[in-house]
Amino acid sequence: MEHFTNKSESFYREIRSIEIYNASDVSYIDNFQGIFPDSNLCLYKFDITTPESFTPKILTKTQNGNYFTDIDISFSLLDLSKDNIDKCYEYFNKKNFSIVLISNIEKMLLGNEKEKLKVEFIDGKKNDASGSDECFISITGDTIINPKIQNL
């Protein structure tokens, strides 16, 4: 018999950063076996300095009796400089990526060469003098491989 004590953790989980890789750098088999990509292959890294702006939706769903993981993650892009926005338009809005989410205690691998994730830049500037201009990075996709977690 497996007994789950079901006690709450004595610490808070907090997202720290997101690493974005070419999907081709994460093979399906490596992803399945929980082998994380070499951090030297990381294309882009975002520090998440306002964890409350991070919205992770990593849900297990079924379709025709088969389980898969539906990924819908977004966070605010705080540096709205022209240079930053130009880079986001150039680098993203493609379905060609794998990501690693890094928290204070663990990291999670999502996506691979066969199940690529889409990273989109969403320009939410209102230019209405309200001071509420913001842009977002959105990461979406699905995979039949459960998220792989590694303790730090």
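All values derive from a computational prediction rather than experimental measurement.

Q: Talk me through the overall build of the protein chain; I want residue IDs and the actual numbers.
A: Counting its secondary structure elements, the protein chain contains two helices and nine strands. Order of helices (α) and strands (β) in the protein chain, N terminus to C terminus: β-α-β-β-β-α-β-β-β-β-β. Viewed in the frame of its principal axes, the protein chain has a C-alpha envelope of about 60 × 35 × 35 Å. Within the span of the protein chain, comprising 152 residues, buried residues form 33% of the whole. Of the contacts formed within the protein chain by residues at least 6 apart in sequence, a portion of 67% connects residues at least 24 apart. Only carbon and sulfur atoms are counted for the fraction: they give 46% of the accessible area of the protein chain, which is about 9500 Å². Charged side chains in the protein chain number 17 positive and 24 negative. The centres of these two groups are separated by 3 Å.

Q: Describe the packing of aromatic side chains, and please don't skip the residues or the numbers.
A: Using the criterion set out here, one finds seven aromatic pairs in the structure. Relative to Tyr91, the ring of Tyr44 lies with its centre 4.7 Å away and its plane at 20°, an arrangement referred to as stacked. Placement of the pair is Tyr44 in strand E2 (residues 44-47) and Tyr91 in helix H2 (residues 82-91), with a sequence separation of 47 residues. In this structure Tyr91 comes out as partly exposed when scored by relative accessible area, which is 26%.

Q: Lay out unusual backbone geometry with the relevant residues and their values.
A: For residues other than glycine, phi is negative in most cases, and the peptide bonds are mostly trans. The phi dihedral of Asn6 falls on the positive side, at around 55°, and the residue is not glycine. Mapped onto the elements of the fold, Asn6 is located in the segment before strand E1 (15-22). In this structure Asn6 comes out as exposed when scored by relative accessible area, which is 74%. Even without being glycine, Asn93 reaches a positive phi, approximately 65°.

Q: Summarise the layout of surface pockets; cite the residues concerned and give the values.
A: By volume, the largest pocket is sized at about 290 Å³. Lining the largest pocket are 18 residues, and of these Lys45, Phe46, Asp47, Leu77 and Asn84 sit closest to its centre. Taken together, the elements giving at least two residues each to the lining of the largest pocket come down to E2, strand E4 (66-77) and H2. Class assignment of the residues belonging to the lining of the largest pocket gives a composition of nine nonpolar, five polar and four charged. Arg13, Glu14, Ile15, Phe54, Pro56, Ile58, Leu101, Ile102, Ser103, Glu106, Lys107 and Met108 together form the lining of the second largest pocket. Mapped by element, the contributors of at least two residues to the lining of the second largest pocket are strand E3 (55-63), strand E5 (94-103) and strand E6 (106-110). Taken together, the residues of the lining of the second largest pocket sort by class into seven nonpolar, one polar and four charged.

Q: For the nonpolar core, give the residues involved together with the corresponding values.
A: Core analysis: the biggest nonpolar cluster contains 25 residues, and Ile18, Ile20, Phe92, Ile99, Leu101, Ile137 and Ile139 have the highest contact counts within it. Those elements that provide at least two residues to this core are E1, E2, E4, H2, E5, E6, strand E7 (117-123) and strand E8 (135-143). The element best represented in this core is E4, accounting for four residues. In this structure, Tyr21, Val26, Val100 and Leu109 belong to the second largest nonpolar core, which totals six residues.

What counts as what
Residues numbered from 1 in each chain as written. Predicted model: local features only at pLDDT ≥ 70, side-chain atom pairs only at ≥ 80, totals over all residues. Heavy atoms only, no water. Helix = DSSP H or I, 4+ residues; strand = E, 2+ residues; numbered from the N terminus. Buried < 20%, exposed > 50% of the residue type's maximum accessible area, 1.4 Å probe, protein only. Contact = heavy atoms within 4.5 Å. Areas by Shrake-Rupley, 256 points an atom, 1.4 Å probe, with all protein chains shown as cover. Lys, Arg positive; Asp, Glu negative; His and termini not counted. Charge placed at Lys NZ, Arg CZ, Asp CG, Glu CD. Phe/Tyr/Trp six-rings, centres within 6.5 Å; stacked < 30°, edge-to-face > 60°. 1 Å grid on protein atoms, 1.4 Å probe; cavity = no way out; pocket = protein on both sides within 12 Å on 5 of 7 lines; lining within 4 Å. Points joined across faces, edges and corners; volume = space filled by probe spheres on them. Nonpolar A, V, L, I, M, F, W, Y, C, P; charged D, E, K, R; others polar. Core = buried A, V, L, I, M, F, W, Y, C linked by side-chain atoms within 4.5 Å.

Function cannot be inferred from these measures alone, as they are strictly geometric.
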